[in-house]
Amino acid sequence: MSKGRPSGDLRPATKLVVGGRRPEWTNGVVNAPVIHASTILFDSVAALREAETHPDRGLYYGRRGTPTQWSLAEALTDLEPGAEATLLYPSGVAAISTALLSVLKPGDELLMVDSTYAPTRFICDGLLKSIGVTTRYYDPSLGAADVAALFGDRTCALFLESPGSLTFEVQDVPGLCAAARAAGVVTLLDNTWATPLLFPAIGHGVDLTILAATKYIVGHSDVMLGSVTATAARMPALRRMTTQLGHSVAPDDAYLAARGLRTLGVRLKAHGENGLIVARWLADQPQVAKVLHPALPDCPGHALFARDFAGASGLFTILLDPAIDDAGRVRFVDTLELFGIGFSWGGFESLALPIDPESIRTARPWAGAGLGVRLHIGLEDPADLIADLGRALAAI
Ligand SMILES: *Cc1c(COP(=O)(O)O)cnc(C)c1O
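Residues numbered from 1 in each chain as written. Predicted model: local features only at pLDDT ≥ 70, side-chain atom pairs only at ≥ 80, totals over all residues. Heavy atoms only, no water.

Participant: Now, about the overall build of the protein: what can you tell me, with residues and values included?
Facilitator: Each helix and strand counted, the protein has 15 helices and 12 strands in total. Here the protein has a C-alpha radius of gyration of 22 Å; the compact-globule value for 396 residues is 21 Å, and the two agree. Expressed as lengths along the three principal axes of its C-alpha atoms, the size of the protein is roughly 75 × 55 × 35 Å. Counting only residues that meet the buried cut, the protein has 53% of its 396 residues in that class. Put simply, the protein shows about 16,800 Å² of open surface, and 56% of that area lies on carbon and sulfur atoms. A distance of 6 Å separates the average location of the 33 positive side-chain charges in the protein from that of its 41 negative side-chain charges. (Helix = DSSP H or I, 4+ residues; strand = E, 2+ residues; numbered from the N terminus. Rg over C-alpha atoms; globule rule 2.2 N^0.38 Å. Buried < 20%, exposed > 50% of the residue type's maximum accessible area, 1.4 Å probe, protein only. Areas by Shrake-Rupley, 256 points an atom, 1.4 Å probe, with all protein chains shown as cover. Lys, Arg positive; Asp, Glu negative; His and termini not counted. Charge placed at Lys NZ, Arg CZ, Asp CG, Glu CD.)

Participant: I'd love a proper account of the environment of His271, names of residues and values included.
Facilitator: Among the structural elements, His271 can be located in helix α12 (residues 264-283). Judged by its relative accessible area of 0%, His271 falls in the buried class. It is 5.8 Å that separates the C-alpha atoms of His271 and Gly378, two residues lying 107 residues apart in sequence. The residues contacting His271, other than those within four sequence positions of it, are Tyr216, Ser313, Gly314, Gly346, Gly347, Phe348, His376, Ile377, Gly378 and Leu379. (Contact = heavy atoms within 4.5 Å.)

Participant: Tell me about unusual backbone geometry, and please be specific about residues and values.
Facilitator: For residues other than glycine, phi is negative in most cases, and the peptide bonds are mostly trans. For the bond running from Ser162 to Pro163, omega is -5 degrees, close enough to zero to count as cis. If you trace the backbone, Pro163 turns up in the loop between β4 (155-161) and α8 (173-182). With phi around 60 degrees, Thr195 is a residue other than glycine that occupies positive phi space. Its place among the elements puts Thr195 in helix α9 (residues 195-198). Overall, Thr195 belongs to the buried group, its relative accessible area being 1%.

Participant: An account of the state of the cysteines is needed here, citing residue identities and associated values.
Facilitator: Under the counting rule described, the total for this entry stands at zero disulfides. Free of any disulfide, Cys177 has its nearest cysteine sulfur in Cys156, 16 Å distant. Under the relative-accessibility criterion, Cys177 is labelled buried at 2%. (Disulfide = S-S within 2.5 Å.)

Participant: Help me get a handle on the pairing of β4, residues and values and all.
Facilitator: Of all seven residues making up β4, six are buried, and the element is well covered by its neighbours. Pairing between strand β2 (residues 109-113) and β4: four bridges, direction parallel. Bridging from a neighbouring strand, Leu111 pairs with Leu158 of β4. Bridge analysis of β4 against strand β5 (residues 186-190) gives five bridges, and the strand direction is parallel. Looking across to β5, one finds that Glu161 is bridged to Asp190. A crossover connection joins β4 to the parallel β5 through α8; in handedness this β-α-β unit is right-handed. (Pairing = 2+ DSSP bridges. Right-handed = clockwise from strand over helix to strand, strands pointing away.)

Participant: Outline the site of the ligand, supporting the account with residue identities and numerical values.
Facilitator: The immediate surroundings of the ligand are formed by 14 residues, with Gly92, Val93, Asp190, Thr214 and Lys215 found nearest. A distance of 2.6 Å is found between a nitrogen atom of the ligand and a side-chain nitrogen or oxygen belonging to Asp190. Judged by the fraction of its atoms near the pocket grid, the ligand is located in the second largest pocket. Per-element tally for the shell around the ligand: the top contributor is helix α5 (residues 92-103), with three residues. A breakdown of the residues in the shell around the ligand according to their chemical character gives six nonpolar, five polar and three charged. (Near = heavy atom within 4 Å. Polar contact = N/O pair within 3.5 Å; in protein donor to acceptor, adjacent residues only side chain to side chain. 1 Å grid on protein atoms, 1.4 Å probe; cavity = no way out; pocket = protein on both sides within 12 Å on 5 of 7 lines; lining within 4 Å. Sits in = over half its atoms within 2 Å of the grid points. Nonpolar A, V, L, I, M, F, W, Y, C, P; charged D, E, K, R; others polar.)

Written as structure tokens, this is what we have:
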């Protein structure tokens, strides 16, 4: 027998455990099971017609999901006080493009942070441009007044990513969102680095918050998945666009993401703690010119990080001594034994990736001290990771 939903105002760690586990969805087991479905069978035409009137709940047709997907979506919504609902997507990029299409139409202008994830730029410079939406990139260090000064007659949306991809600048998300709301501009945030556990975005004034669930939510490097959690005002348009684009998430993938979500709290804590131990050690090494980690006091936006975030996750960048060339950087990454070389991050394992932000930025040229390597710190013992990094730095 299972009890009903717990009552009262629960803390995030508890919400991770109980979220989305409605008895009518779990049917007596702990996790909502994997339910594969395209056709849903109804008892009568009357029952089919009745289901039609509830487009956002109940079994209707496979594309609208089954309890497997609903359970994950509800658990994600529970982590964002003030949010109305969450929709799931086959990847983080699908979540970003659909969220943008739900708020922009031909003739509109989008303000996009210059430190955004590169494929987000491809959406702006490709898909959005082709339908007549113009994108203006803005410097991630701009405060609320400076960003508000950029708002024009056609500005309809402001996109934030904090900390930024590759370079980890922290934005004044509450300040920028308040300025946008006052001007009638819709705000979207890529919150993949922090997850709602370290930064509940809707409560900080964001209208639509996006996760590449592929990263920390899944947490095991074996599923592609995205989510958008939004306010009541933004949900109807988001639902419409999602339905028309036909997005649907496999129940097996939703199941693995829900399973990952249950341990997000303990995993993130370990990623964050291990990451800081390694980052502080790296900052003292002669081959390292700078560590770009928002929890370090000399990182751009550190004061905002300290004000707004409940902690750090495990992803940051090191800039090598300017005397080290690309061959030296390649030798460093190739020599590492515990750090895999590959895209994505957020799994249990450590990764290293050479990065070149100067080739991407357009609002303000990137002026990093030396060549960059992005590190994801996994759940290994940080002493082993430090020994590995020490060996690889010596090999340069
Ligand atoms: C990986 C990533 C995405 C895209 O997610 P996919 O699931 O790989 O499509 C979006 N934003 C950020 C910040 C990411 O790191």
